[in-house]
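What follows is the residue order along each chain.
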Amino acid sequence: MAMAMAMRRAAALGARHILGASSSSSSGILRSRHMSVDAAAALERIRAAGLLRTQGLIGGKWIDAYDGKTIEVENPATGEILANVSCMGSRETSDAIASAHTTFYSWSKLTASERSKALRKWYDLIISNKEELALLMTLEQGKPIKEALGEVNYGASFIEYFAEEAKRIYGDIIPPTLSDRRLLVLKQPVGVVGAITPWNFPLAMITRKVGPALACGCTVVVKPSEFTPLTALAAADLALQAGIPAGALNVVMGNAPEIGDALLQSTQVRKITFTGSTAVGKKLMAGSADTVKKVSLELGGNAPCIVFDDADIDVAIKGSLAAKFRNSGQTCVCANRILVQEGIYEKFASAFIKAVQSLQVGNGLEESTSQGPLINEAAVQKVEKFIKDATSKGAHIMLGGKRHSLGMTFYEPTVVGNVSNDMLLFREEAFGPVAPLVPFKTEEDAIHMANDTNAGLAAYIFTKSIPRSWRVSEALEYGLVGVNEGLISTEVAPFGGVKQSGLGREGSKYGVDEYLELKYICMGNLN
Ligand code: ADP
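Residue positions are given per chain, counting from 1 as you read along its sequence in written order. Local features in a predicted model are, by the rule used here, given only for residues with pLDDT of at least 70; side-chain atom pairs are given and counted only at 80 or more, and totals for whole chains, interfaces and linings are based on all residues. The side-chain quantities take in all heavy atoms of the structure and omit both hydrogens and water.

**Description of the pattern of salt bridges**
In a structure, side chains of opposite charge can pair up when their charged atoms sit close to one another.
Item 1. By salt bridge we mean one thing: a side-chain nitrogen of Lys or Arg within 4 Å of a carboxyl oxygen of Asp or Glu. On inspection of all chains with the given rule, the structure shows 24 salt bridges.
Item 2. Among the ionic pairs, K69 bridges to D67, the shortest N-O distance being 3.8 Å.
Item 3. The closest approach of N and O atoms between R208 and E506, which form a salt bridge, is 2.9 Å. Of this pair, R208 sits in helix α7 (residues 204-216) while E506 sits in the loop between β19 (502-503) and β20 (516-523), placing them 298 residues apart in sequence. Taken as a pair, R208 and E506 share a single burial class, namely buried.
Item 4. Residues joined in a network through salt bridges with shared partners are R208, K209, E298 and E506. Runs of H or I in DSSP of at least four residues are treated as helices and runs of E of at least two as strands, each being numbered from the N terminus. Classification of residues uses two cut-offs on accessible area relative to the type maximum, computed with a 1.4 Å probe and protein chains only: under 20% is buried, over 50% is exposed, and between them is partly exposed.

What follows is the structure, given as structure tokens:
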């Protein structure tokens, strides 16, 4: 594979840097004085494919911020500035909303089959550009190139799935209570959707929202994270190429509270869909009250991963490793607490530590890397704070526990033993490569500890007992449960949380409901 060769060459070149060229082109692309050769080659490849977009997309046009302001997008692995993108605010957002609102009247009138064909074309284009999109994602987000390729496939799968689902949005006919009447239920698109997305899945969190929205006939204003706007803009470019009409998909980024407020205050925006922190989610929910918008929220988790004495240890190690260390621990479904039954604790801990030691930390562009950097300095400081809190309360570091010698925001894959429920590692999401091991005695204790949180997104259990699988799965107050499996997300199953982890479900046949209104029609006097 050409990319594999490029990556090997890049890895061989190691940390060499291009010196000199340090200028800003009119397209907004910066050439840093310290652009490493591999990153520069990757960027060049993305640019050659026409996918290095730096302006917002409003009404089908690529637009600078009205005051010309830009923000830097940085490679977290190296600190290189990859690009300067438009830093937009309320005025640009209002125009994007107006454009989405106008386009709603034509896009929603198309047949499901016409919308489906455009979405399918978008899927095909994402797949045919998957290597460029994956490189872009690794550059701006830091995740290993293999995971980035996985995300492109996963992200694209939502477009494919909802292209198919567009044709299956059926209404109902209800048996009438009076013989001269016919009672019908129509499903209609809600209207303009504001979609606000985070940096940890720069493509999939967008397609999981935009796919069903467009399939239903809604139009969308997307606000990607300012840390990872480049993947979003590249995907939007492919949507335009696929024939998704100008104005059906708009992208604005920059001043997050201003953009958020413009979306919330607009009476034309009928739905807010958000993935991100619980704190911002609560603000958006409160802010939607004034205009009574439909809201779906996918917020923080605090996933327990319960390993019972009767687990297959190899399955448990593999599953918990995947559930914990994916994207260096930076996903809301990452195992945040590994609860291990006393009888298997020592055996599990030593095998788990061995497995964690094999994780390769490095620049995500190198194919051998399985752990990239954290997104920014604040993320590392949060992990440091959690570790300090745990050790001061009696936990002990079994592996890692400090910044990695690579510098930047790299952190050593870490295992912490004897964690208890008074520690931050137990109570909050660490969002980093830290696996806290928490011993427990009985199944009842495990369920109690697992549910002892306001979060309720993902949970994992490892056991060979079928009755226990059922019992515990049903007792867990979570929206998703993995049984003997650490990677469970798929476009065909409903994703979402209970309690303060969110509202609504994404993906699957249930995912379209978030973008639809029911209309009851009563036809009378038919005799
Ligand atoms: P994280 O900590 O994962 O970055 P955030 O909730 O801060 O989570 O960010 C998720 C998304 O929400 C990003 O696109 C971010 O820019 C956006 N965001 C942050 N604050 C606001 C706000 N006040 N209004 C609207 N969007 C916001």
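**Quick look at empty space enclosed by the protein**
Item 1. Definitions used throughout: a 1 Å grid over protein atoms alone; a cavity as a set of points that fits a 1.4 Å probe which cannot get out; a pocket as an open set with protein on both sides within 12 Å along at least five of seven lines; a lining residue as one with an atom within 4 Å of a point. Grid points are joined across faces, edges and corners, and a volume is the space filled by probe spheres set on the points. In total, this model carries five cavities of 30 Å³ or more according to the counting rule given.
Item 2. In this model, the largest cavity occupies a volume close to 80 Å³.
Item 3. Along its surface, the largest cavity is lined by Y154, N200, F201, M205, R208, E298, R326, T331, C332, V333, S489 and F495.
Item 4. Looking at the lining of the largest cavity residue by residue, the class counts come to six nonpolar, three polar and three charged. Each residue is assigned to one class: nonpolar for Ala, Val, Leu, Ile, Met, Phe, Trp, Tyr, Cys and Pro, charged for Asp, Glu, Lys and Arg, and polar for all the others, Gly among them.

**Notes on the sheet that holds β20**
Item 1. Think of it this way: DSSP has to see at least two bridges between two strands before they count as a pair. Pairing is antiparallel in the open sheet, where three strands are placed in the order β5-β6-β20. With one partner strand each, in any of the chains shown, β5 (172-174) and β20 form the two edges of the open sheet. With strand direction ignored, the average angle separating the axes of adjacent strands in the sheet is 25°. For helices, the axis comes from a line fit to the C-alpha atoms of the stretch in contact; other axes are also lines fit to C-alpha atoms, and the angle between any two N-to-C directions lies between 0 and 180 degrees.

**Topic: helix α12 (residues 342-357)**
Item 1. Helix span is expected to be 1.5 Å times the residue number reduced by one. With 16 residues, α12 extends 23 Å from end C-alpha to end C-alpha; this agrees with the ideal 22 Å at 1.5 Å per step.
Item 2. Among the residues making up α12, those that are buried are I344, Y345, F348, A349, F352, I353, A355 and V356.
Item 3. Looking at the buried side of α12, the elements it contacts are β12 (303-307), α11 (313-325), β13 (335-341), β14 (396-399), β15 (414-417) and β16 (434-440). Contact definition: two residues touch when any of their heavy atoms are within 4.5 Å.

Nothing here speaks to function; it is geometry throughout.
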